[in-house]
Amino acid sequence: MPFAKPVAVLGGARIPFCRQNTAYAGVGNLDLSIRALGAVVEKFHLQGEVLGEVAMGAVIKHSSDWNLGREAALSSGLSPLTPGITLQRACGTSLDSIVTIGNKIAAGQIEAGIGGGSDTTSDVPIVYGKALRNAILRANAAKTTMDKLRAFKGFSPRWLKPDFPGVAEPRTGKSMGQHCEDMAKEWQISREAQDALAVASHHKLAAAYDRGFFDDLVVEFRGVKRDNILRPDSTIEKLATLKPAFDKTSGRGTLTAGNSTPLTDGAAACLLASDDWARAHGLQPMAYLRDAQVAAVDFVGGEGLLMAPTIAVPQMLARNGLTLQDFDIYEIHEAFAAQVLCTLKAWESDDYCRNRLGLSGAMGSIDPAKINPNGSSLAAGHPFAATGARIVATAAKELEQRGGGRCLISICTAGGMGVVAILER
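A.B. asks: Mind showing me how you'd approach the environment of G115 here?
C.D. replies: Structurally, G115 can be placed in strand β5 (residues 112-119). Separated by 21 residues in the primary sequence, G115 and S94 place their C-alpha atoms 6.5 Å from one another. Those residues in contact with G115, other than ones at most four positions away along the chain, are A55, M56, S97, I98, I101, A269, C270 and A389.

A.B. asks: Got a minute to help me understand helix α14 (residues 387-402) in this structure?
C.D. replies: One turn of an α-helix holds 3.6 residues; hence residues three or four places apart share an orientation. With 16 residues, α14 ought to run about 22 Å at 1.5 Å a step, and its terminal C-alpha atoms sit 22 Å apart, in line with that. The buried count for α14 comes to 13 of 16 residues, which makes it a mostly enclosed element.

A.B. asks: Please clarify how helix α4 (residues 130-141) should be interpreted in this entry.
C.D. replies: For α4, built from 12 residues, the straight-helix expectation of 16 Å at 1.5 Å per residue is met to within 8% by its first-to-last C-alpha distance of 16 Å. Among the residues making up α4, those that are buried are L132, A135 and A139. Around the axis of α4, the buried residues are gathered within 60° of arc, so they sit on the same side. Along α4, the residues that are exposed and aim more than 90 degrees away from the buried face are K130, L137, N140 and A141. Residues of α4 that are buried in the fold lie against β6 (127-128) and α5 (145-150).

A.B. asks: Would you explain unusual backbone geometry in this entry?
C.D. replies: What you tend to see is this: most non-glycine residues have negative phi, and most peptide bonds are trans. Notably, N21 is not glycine yet its phi reads approximately 60°, a positive angle. Residue placement: N21 occurs in the loop between β2 (18-19) and α1 (29-43).

A.B. asks: Can you walk me through the pattern of salt bridges in this structure?
C.D. replies: Evaluated as defined, the whole model comprises 20 salt bridges. Among the ionic pairs, K185 bridges to E181, the shortest N-O distance being 3.3 Å. Remark: E181 and K185 occur in helix α6 (residues 176-186); sequence separation between them is 4 residues, near one turn of the helix. For the salt bridge of R279 with D276, the shortest nitrogen-to-oxygen distance reads 2.4 Å. Placement of the pair is R279 and D276 together in helix α9 (residues 275-280), with a separation of 3 residues, close to one helical turn. The pair R279 / D276 is uniform in exposure class, with both members exposed. Linked by salt bridges that have partners in common, E181, K185 and D247 make up one network.

A.B. asks: Help me out: how do you make sense of the pairing of strand β10 (residues 329-332) in this one?
C.D. replies: As a general feature of sheets, a regular strand has side chains that alternate between the two faces. Neither face of β10 is exposed, since I329 and E331 on one face and Y330 and I332 on the opposite face are all buried. Here 4 bridges tie β10 to strand β11 (residues 406-413), and the two strands are oriented parallel to one another. Along β11, the bridge assignment pairs I329 with C407.

A.B. asks: Would you mind showing me how to read the nonpolar core here?
C.D. replies: One broad trend across soluble globular proteins is that nonpolar side chains are buried collectively. Ranked by internal contacts, the top residues of the largest apolar core, which has 97 residues, are L272, L289, L324, I409 and L423. Among the elements that make up this core, the one with the highest residue count is helix α11 (residues 337-348) (8 residues). Judged by nonpolar contacts, the second largest core, of 35 residues, contains A73, V219, F221 and Y288.

A.B. asks: Mind showing me how you'd approach a nonpolar patch on the surface here?
C.D. replies: There is a patch of nonpolar side chains on the surface, built from I126, Y128, F155 and L160 and spanning about 370 Å² of accessible area. As for its placement among the helices and strands, I126 is situated in the loop between β5 and β6. Using a relative accessible area of 42% as the deciding quantity, one classes I126 as partly exposed.

A.B. asks: Would you take a moment to explain the packing of aromatic side chains for this structure?
C.D. replies: The geometry of an aromatic ring pair comes down to the distance between the two centres and the angle between the two planes. As enumerated under the stated definition, the model contains 7 aromatic pairs in all. Pairing F246 with F336 gives two aromatic rings, centres 6.0 Å apart and planes at 80°, and the pair type is edge-to-face. Placement of the pair is F246 in the loop between α8 (236-239) and β8 (264-273) and F336 in the loop between β10 and α11, with a sequence separation of 90 residues. Under the relative-accessibility criterion, F246 is labelled partly exposed at 29%. By relative accessible area, which is 5% here, F336 ends up buried. A ring pair is formed by F327 and Y330, whose centres lie 5.8 Å apart and whose planes are at 55°; its orientation type is tilted. The same class applies to F327 and to Y330, which are both buried. Seen from the ring of F17, R14 lies directly overhead, with NZ or CZ sitting 4.5 Å from the centre.

A.B. asks: What is the right way to look at the packing of helix α3 (residues 93-106) against α14 in this model?
C.D. replies: Helix packing geometry: the angle between the two helix axes and the distance between the axes. Running from amino to carboxyl end, α3 crosses α14 at an angle of 60°, the nearest separation of the two axes being 5 Å. Judged by residue contacts, S94, L95 and I98 of α3 engage T387, G388, A389 and V392 from α14. Partitioned by chemical class, the residues of the contact of α3 with α14 number 4 nonpolar, 3 polar and no charged.

A.B. asks: How should the packing of helix α7 (residues 191-210) against α11 be read in this particular structure?
C.D. replies: Close contact between α7 and α11 brings their axes to 9 Å; oriented N to C, the two are set at 110°. Relative to α11, α7 is oriented roughly perpendicular. Counting all contacts with α7, which are made through A193, Q194 and L197, the residues of α11 involved are A337, A338, V340 and L341. Partitioning the contact of α7 with α11 into residue classes produces 6 nonpolar, 1 polar and no charged.

Definitions and cut-offs
- Residues numbered from 1 in each chain as written.
- Predicted model: local features only at pLDDT ≥ 70, side-chain atom pairs only at ≥ 80, totals over all residues.
- Heavy atoms only, no water.
- Helix = DSSP H or I, 4+ residues; strand = E, 2+ residues; numbered from the N terminus.
- Contact = heavy atoms within 4.5 Å.
- Expected span 1.5 Å × (residues − 1).
- Buried < 20%, exposed > 50% of the residue type's maximum accessible area, 1.4 Å probe, protein only.
- Arc of directions from axis to C-beta.
- Salt bridge = Lys/Arg side-chain N within 4 Å of Asp/Glu carboxyl O.
- Pairing = 2+ DSSP bridges.
- Core = buried A, V, L, I, M, F, W, Y, C linked by side-chain atoms within 4.5 Å.
- Patch = residues over 30% accessible without salt bridge, like charges linked within 9 Å, V, L, I, M, F, W, Y side chains within 5 Å.
- Areas by Shrake-Rupley, 256 points an atom, 1.4 Å probe, with all protein chains shown as cover.
- Phe/Tyr/Trp six-rings, centres within 6.5 Å; stacked < 30°, edge-to-face > 60°.
- Lys NZ or Arg CZ within 6 Å of the ring centre and 35° of its normal.
- Axes fitted to C-alpha atoms, helices over the stretch in contact; angles between N-to-C directions.
- Nonpolar A, V, L, I, M, F, W, Y, C, P; charged D, E, K, R; others polar.
- Parallel < 35°, antiparallel > 145°, perpendicular 65-115°, else oblique.

None of the figures reported here should be taken as evidence of function without further support.
Okay, structure coming up:
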């Protein structure tokens, strides 16, 4: 059901997103989260304020980051009486954390809260094999020095081989890029179309920075003021020189480093509240979170890994009496240019909409000029758990500047899931 009680999006903030192992090398998720959350606290003068909840998340994190939401809240300037929770749904994490806050506001459980997320692939947890871990545990439990030494009986240098966190799907062994390459072939998405979408994303993000759109959305961190993945001078000709990144052998690979998001570090957060709380604090809503939906696909059984938003969107639209064309802007997460193009093509397919979605016919096309008007993940980067909050804050400000309208948010995730939402002003 759409939210019964209005949920106001008051705004958000994020740090610049940076390519893996560059400006934020060695910075952990907690420090990234604290900076983004603290920026929201400073922006809305919430120092010492008790909020109903802080919901943060991270996809790749150390075991010591047991509750990033609470730990970040304790260092953010908020009152220590503000509770915190940590969530995770891969690339949809911070949109889910925002929806979680919105649900609690709509239910009357809280009056205000912050949702967001962070991710770093520069400071990743590195673990060792089971043999070494078991030996260390035995040694730790041993009482005498000799017993501690005996714990390592049979030691082999192979025990020292580290295990790095991977981005492959556990059930298929294929990376997200490999899965998306399969989707591109199934939906016959050309390399040229992917490169064109990627170039447009860079140009739109650069233009938004140049006109000051991000001045109050992006805060400096570690000397960085802009996303360092952004390439304002990107051209289709330059991208055409790149080799396929995931299908390197068939001669039919179309996904490259230029039309796919790179591994990225960053954090973002958004403030949501009831109308009463906003008025009491002298804050004007930028937009309202009206509804959200999640869905999943059987990617192990052959469906496209990143196609779940194509299912979640029509379910949400039907509940709200809307069509795909009833939106002024569309924020579609650009995990890969091919994913966006596959999604659009699926909604335009009479066969797919009838036989997979159970609709009477094709959902129709979307005006390309309305999609990601300020650029998206291909240009900004994609710290997995931060992207949703970046998109919500960006969309809310865009709607405010337009003086009103409706935005459809669509995010695909690892594990064959999709998270979508509606913003209105």
